[in-house]
Structure formats: C-alpha cells, structure tokens
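The chain contents come next:
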Amino acid sequence: MSDPTADYDWLYAQTRAGRGRGPEAARALLDRLGSPDRQFQSVRVVGTNGKGSTCAMLEAGFLAAGVRVGRFTSPHLHAYEERIRIGGQNLSPARTAQFIEWAKRQAPGEAFFDLTLALACQAFAEAGVGWAVMEAGVGGASDATQALGDVRAVALTNVDLDHTAVLGPTLRDIARDKAGAARPGVPLLTTATGEALDVVREVATETGAPLYAPRTHPDLFALPHAPNLSGPHQLANAALAAATLRVLGFEGGLEAALRASHPGRLERFTVAGKTVMVDGAHNPHAARALAAAVPRADVLLFGGLARKDTAATLAPLLTVAPTRVFTAPSDLAAPPTELAAEYGGMAHPAPAPALAHALDLTPPGGTLLVAGSLYLAGLIRAELAPEG
C-alpha cells in the first residue's frame, strides 16, 4: 500500500524533460546526502531486457547466502516502493513520504530517477545493507547508476535495439553505451552475443575490466537445472546471475537464485478455467523471446507506449494469437483504435474492460496472452490478483 500522505504526484512529475542525461546530477545529489552509495557494495545490472529477472535472482541468492541485501529496480507494477527493497521487503511508504518532503524543499529541480536512486542509496545505508543489486534505467555509461561509488561487479544481460533516440541508432551504439558501465579491474559479466559481444569485448579491453562470458568461462555460467522463471530466455538470465554470484563468492545462494520469482514475467493466472499469461515484453527483443516461449495463444491483449517501436514489437506476437484486443496502459500509449485498425482486432482504451472482453473471447481451456508494457502488466495483475 502507498502512503496517503506521500506526494507521489509531485515525484512522478519530475521528468527528465529538458534535463541532460548522464550520472553527473545523480552524483551531485548523492554527495549532498553524504555519499550513502559508498557505504555498501553494489552489483550493477545493465542490458536491454532481463534486468529485472536477473536482479530478482541475485537478490534471492544474496539473501540465501546470509547477506543483508538491497535491491533497486524499475519500473514498479503496483506500488512505488517495489523499486526499493531491503532484506527482501519493499521500502516503507512512510520513508518515501519523508524523502519526498525533503526533496520538495531541498532538491526540487532533480529528475525522478535520480531522486529514486538517491532515496534507495540513503535507505540502504541507513539499514546497514552490505550488498545492493542496482538495475540501470536506460543504458550504461549514460545512466544515473553510473554514479554509484563502490561497484564490485557489472552484469550485462543482452543488447538489442531499444531507446534508440537516447542510446544511438545502431546495435553498436547501444552496446557501447551499455558496456560503458565497465570499470577498471571490476568483473564485467555478460550473456550478450554476436556483434554486441564484440563491442563489449572491445570496451572491456579499453577499460581494463576482466570480461566473463559463457563461451570463455562455461563453468562459471553453468546451471545445475533450469530456473523457476518461465521461458527459454530466462536460462540466460539465470546463467548470468549464477556467474555473478560465483565471481563474488556467493555460490551458496545459487539454488535460491534459481527458485526466485518475479511478477509480470510470463506469469500465469487461471480465470474460470482459462489461462492468462502476463508478460511485460515492451520491445522487439522481448517480444521475440515471448513468442518463442508462448508460440500459441487464443487471444492477445496488447497495450504499449507510443514512443516504442510498436510495429516491430507486435510483429512476432501477431503470429501467436489470431484474435487481438488493444488497450492503453497510460496516457502515453499507442492509440488502441489505430492499432486495431492497422493490425486487426478490437479496441478498448481502458485496460479493465479490455481484459474482460479478451477473457470473453478466450475459449474454455484456452490461453490469453497479455503483453506490450510493464505498466499494462501491473494493471492487469491488479485485476487478476487484487491483493497484489
């Protein structure tokens, strides 16, 4: 539950529009708070997709190894405090409310992500966290998490086209920015492949970061069995989490890491004998992985943000389900009526009626696949599991 006294609307309104990207503002804000990020050790997780799942597995592994661990991820599905976890529990909403009031007085010009990062670091330091799993927002070198002080490992999941307006138009551009998270002497672990891996290797050499990848260190990335999280793509995320835990000396937490769960990632619900699969796939790479994991469904419920490459994201999903319902997870969504006209299907702007209609269209014993945005995943989960 959120704190009714917290001014979340003010916090969400602190967009990065008109502000430059990069870690400088975040570093200055952390310094104003007494550099709390230097009071714990960090694992930084970067990549196009799979960051959240990898973070969930790392958190579970650290917890099982007896570490007091913090976790910083984004976005949230239901409550802002999901972004900041300590010891496996969400941050107290009262702590959020306290920080917002401080920020309104002392840091009114800072961006939402920088403020949230600062709150996470401050809360982790206050709680005596030993290790923190820190998910990058967008990119690597250009992301606010580049400001973090005591980074002991960088885990790079994969690289594909996304956020091209920010990171660059080509795969090499994006790979170079994400690999820019590398630090001299700090292990850089990755499950990236192909051209992206070539770029990561170049950056690691330039930076002086020891590079670990499945082809060069197969034993490090080996899994005793598949993870609890569903889908072939989770094998790579699990291998990355396993290798990171091993490099850092926490292999004892591996089994717990493989048992980790993470909501909104190929999550299964049963409604009146029908299966609902909810996934936050929101870009072409994630959609291809989802289509490989769920090659056939009866109905697709889709809603994505207008700034994303909707055509490329939808392409692999259109082959999965013959019946489609389009909706809008936010005011910034691609218009569902336009999507329905272009790709064939029905439009329901509000997610709740869209879900009801999609379920009506799903035959008894059939499957409804929900995808397009983590925001949509959160809204649909709230309908299917109101307790969150």
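Numbering of residues begins from 1 in every chain and follows the order in which that chain's sequence is written. Local features in a predicted model are, by the rule used here, given only for residues with pLDDT of at least 70; side-chain atom pairs are given and counted only at 80 or more, and totals for whole chains, interfaces and linings are based on all residues. Side-chain metrics in this entry use all non-hydrogen atoms of the structure; hydrogen atoms and water are not considered.

Even after reading the chapter, I still don't get the nonpolar core, so can you show me in this structure?
One recurring pattern in soluble globular proteins is that nonpolar side chains are buried together. Throughout, nonpolar core names a set of buried Ala, Val, Leu, Ile, Met, Phe, Trp, Tyr and Cys residues whose side chains join them through atoms within 4.5 Å. In this scheme, a residue with accessible area under 20% of its type's maximum is buried, one over 50% is exposed, and one in between is partly exposed, where area comes from a 1.4 Å probe on protein chains only. Formed by 55 residues in total, the largest nonpolar core has its most connected members in F72, L115, L117, F124 and M134. If one sorts the elements of this core by residue count, helix α5 (residues 112-126) sits on top with ten residues. Contacts of F72, omitting those with residues within four sequence positions, involve R83, I84, F113, T116, L117, A120, F124, V133, M134, E135 and T145. Ranked by size, the runner-up nonpolar core spans 30 residues in total, among them V43, C55, A257 and A260. Only DSSP runs of H or I with at least four residues qualify as helices, and only runs of E with at least two residues qualify as strands; both kinds are numbered from the N terminus onward. Pairs of residues are marked as contacts when any of their non-hydrogen atoms sit within 4.5 Å.

Looking at this model, I keep getting lost on the packing of helix α2 (residues 24-32) against α5. Mind explaining?
The relative placement of two packed helices comes down to the angle between their axes together with the axis-to-axis distance. In the contact formed by α2 and α5, the axes pass within 10 Å of each other and the chain directions differ by 35°. In this structure, α2 crosses over α5, and the sense of that crossing is right-handed. Contact residues: A25, A26, L29 and L30 in α2; D114, L115, L117, A118 and C121 in α5. Partitioning the contact of α2 with α5 into residue classes produces eight nonpolar, no polar and one charged. Between N-to-C directions, angles cover 0 to 180 degrees, with each direction set by a line fitted to C-alpha atoms, over the stretch in contact for helices. Each helix crossing is assigned a hand: it is left-handed if the near helix lies turned anticlockwise from the far helix by less than a right angle, otherwise right-handed if that turn is clockwise. The nonpolar class holds Ala, Val, Leu, Ile, Met, Phe, Trp, Tyr, Cys and Pro. Asp, Glu, Lys and Arg form the charged class, and all remaining residues, Gly among them, are polar.

Is there a simple way to explain the pattern of salt bridges in this structure?
Oppositely charged side chains can form a pair if their charged atoms are brought close together. By definition here, a salt bridge exists when the distance from a side-chain nitrogen of Lys or Arg to a carboxyl oxygen of Asp or Glu is within 4 Å. Inspection of every chain in the model, using the stated rule, returns 15 salt bridges. A salt bridge links R95 to E126; the nearest nitrogen and oxygen atoms lie 2.9 Å apart. With R95 in helix α4 (residues 93-106) and E126 in helix α5, this residue pair connects regions lying 31 residues apart in the sequence. Given a relative accessible area of 52%, E126 falls into the exposed group. Where R172 meets E202, a salt bridge forms, and the shortest distance between an N and an O atom there is 3.1 Å. Placement of the pair is R172 in helix α7 (residues 171-179) and E202 in helix α8 (residues 194-207), with a sequence separation of 30 residues. Since its relative accessible area comes to 36%, R172 is described here as partly exposed. The exposure class assigned to E202 is partly exposed, which follows from its relative accessible area of 31%. Sharing partners across several salt bridges, the network here consists of R172, R176, E202 and E206.

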